[in-house]
Amino acid sequence: MMMYNNSSSEDASDFEDEDFDQLIVMIAFPRNPRIFRPRKHHFTYWKDDEFFNRFRLSKNTVRFIVDIIGDRICSRTDWNNAVSPEDKVLLTLRYYATGSMLIVCGDFIGIHKSTASRIVKLVSHNIAILRPQFVNFPNNENDFKKVKQDFYNIAKFPTVIGALDCTHVKIKSPGGDNAEVYRNRKNFFSINVQTICDANLKIQDIVARWPGSSYDSTIFNNSEIRRKLEIGEMRDCVLVADSGYAQRNYVMTLVGSPNTVIDPASGISAGVRIREAPGKIC
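Residues numbered from 1 in each chain as written. Predicted model: local features only at pLDDT ≥ 70, side-chain atom pairs only at ≥ 80, totals over all residues. Heavy atoms only, no water.

**Focus: the pairing of strand β3 (residues 203-211)**
Regular strands have side chains that alternate between both faces of the sheet.
Moving on, step 1. Note that strand β2 (residues 190-197) and β3 share six bridges and pair antiparallel. Across the sheet, residue Ile191 finds its bridge partner in β3, namely Pro211.
Moving on, step 2. Between the end of β2 and the start of β3, which pair antiparallel, lie five residues, with Leu201 showing a positive phi angle near 65°. (Pairing = 2+ DSSP bridges. Helix = DSSP H or I, 4+ residues; strand = E, 2+ residues; numbered from the N terminus.)

Here you go:
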């Protein structure tokens, strides 16, 4: 019994010492008070054109995105001044639109930069996983006919199923031994992203895994769409592209002299100058 009492006294003494140490730390290094800044309701605060200029999307489009991913990005609790799904999407779009620092985008919503960082990562992930739902290349005859007709309505150009091009998305240097392969001809680090869009500028296919030093033609030659066109899986279909790509029977590039007579038998007469630059870095 005496042993039990001594042990209890020692435990109580240790607890008091730890509690006293924590008290000293709190006095010496007091916590900064939590600040809850008021947040604007951006959907009502900005006019339609002002909203678009700041977020690069219309109000209806942003509401559409929130309706789709809102349940996935909402906070587990509504207390403690939690950030709403609408503000999370707007913060991410603001970061995309400006390319600014997270602390600046966080100030726009009224949150700390660490919270802004977590929100951008969360929203970006949930937007990216929607790709199979919204980015689809035509895969049946009815889809092909519709896309061809839309292109034909623009300039009376038959059999076109897509417009092909690449664009550089700027990134930070990834570091390491292979960092320089991401530096493009404009001397900044990037991912060379290939996209194919329809007549309504809707993206049908996207390839975003090649470093900035890669040729546009190299990316296309290693793409799934090129393989399908090459083996004849999509017959009587043509992509239009710029001079960064080689002229093929399924890729139409720029004609150097548009007044030259085209021979119906061969498709292109000997006098036509086709601007090919397969070695061009775009």
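Here the narrative resumes.
**Some points on the sheet that holds strand β1 (residues 160-170)**
Moving on, step 1. A sheet is described by the order of its strands in space; here five strands give the open sequence β3-β2-β1-β4-β5, paired in mixed fashion. Looking along the sheet, the strands with just one partner apiece sit at the ends: β3 and β5 (251-252).
Moving on, step 2. The strands that helix α9 (residues 141-155) touches are β1, β2 and β3; relative to β1, the one it contacts most, it runs at about 80°. (Contact = heavy atoms within 4.5 Å. Axes fitted to C-alpha atoms, helices over the stretch in contact; angles between N-to-C directions.)

**Considerations on the pattern of salt bridges**
Moving on, step 1. Summed over the entire model, instances satisfying the criterion amount to five salt bridges.
Moving on, step 2. The shortest N-O distance in the salt bridge between Asp48 and Lys59 comes to 3.5 Å. Of this pair, Asp48 sits in helix α3 (residues 48-55) while Lys59 sits in helix α4 (residues 59-73), and the two are 11 residues apart along the sequence.
Moving on, step 3. A relative accessible area of 55% places Asp48 in the exposed class.
Moving on, step 4. Residue classification places Lys59 among the buried positions, given a relative accessible area of 13%.
Moving on, step 5. Linking Arg227 and Glu224 is a salt bridge whose minimum nitrogen-to-oxygen distance equals 2.5 Å. With Arg227 and Glu224 both in helix α11 (residues 224-230), this residue pair falls three residues apart, about one helical turn. (Salt bridge = Lys/Arg side-chain N within 4 Å of Asp/Glu carboxyl O. Buried < 20%, exposed > 50% of the residue type's maximum accessible area, 1.4 Å probe, protein only.)

**Here's the deal with the packing of aromatic side chains**
The way to describe two aromatic rings as a pair is by their centre distance and the angle between their planes.
Moving on, step 1. As enumerated under the stated definition, the model contains seven aromatic pairs in all.
Moving on, step 2. Taken together, a centroid distance of 5.8 Å and an interplanar angle of 70° make the contact between Phe55 and Phe108 edge-to-face. With Phe55 in helix α3 and Phe108 in helix α6 (residues 102-109), this pair connects stretches of sequence that are 53 residues apart.
Moving on, step 3. Measuring from centroid to centroid gives 6.2 Å for Phe220 and Tyr245, while their planes differ by 90°, and the two rings are edge-to-face. Here the residue Phe220 occupies a position in helix α10 (residues 216-221), and Tyr245 occupies one in the loop between β4 (238-240) and β5, the gap between them amounting to 25 residues.
Moving on, step 4. Through successive ring pairs, a cluster of aromatic residues spans Phe43, Phe51, Phe55 and Phe108.
Moving on, step 5. When the ring centre of Trp46 is taken as origin, the NZ or CZ atom of Arg54, which lies over that ring, is 3.9 Å away. (Phe/Tyr/Trp six-rings, centres within 6.5 Å; stacked < 30°, edge-to-face > 60°. Lys NZ or Arg CZ within 6 Å of the ring centre and 35° of its normal.)

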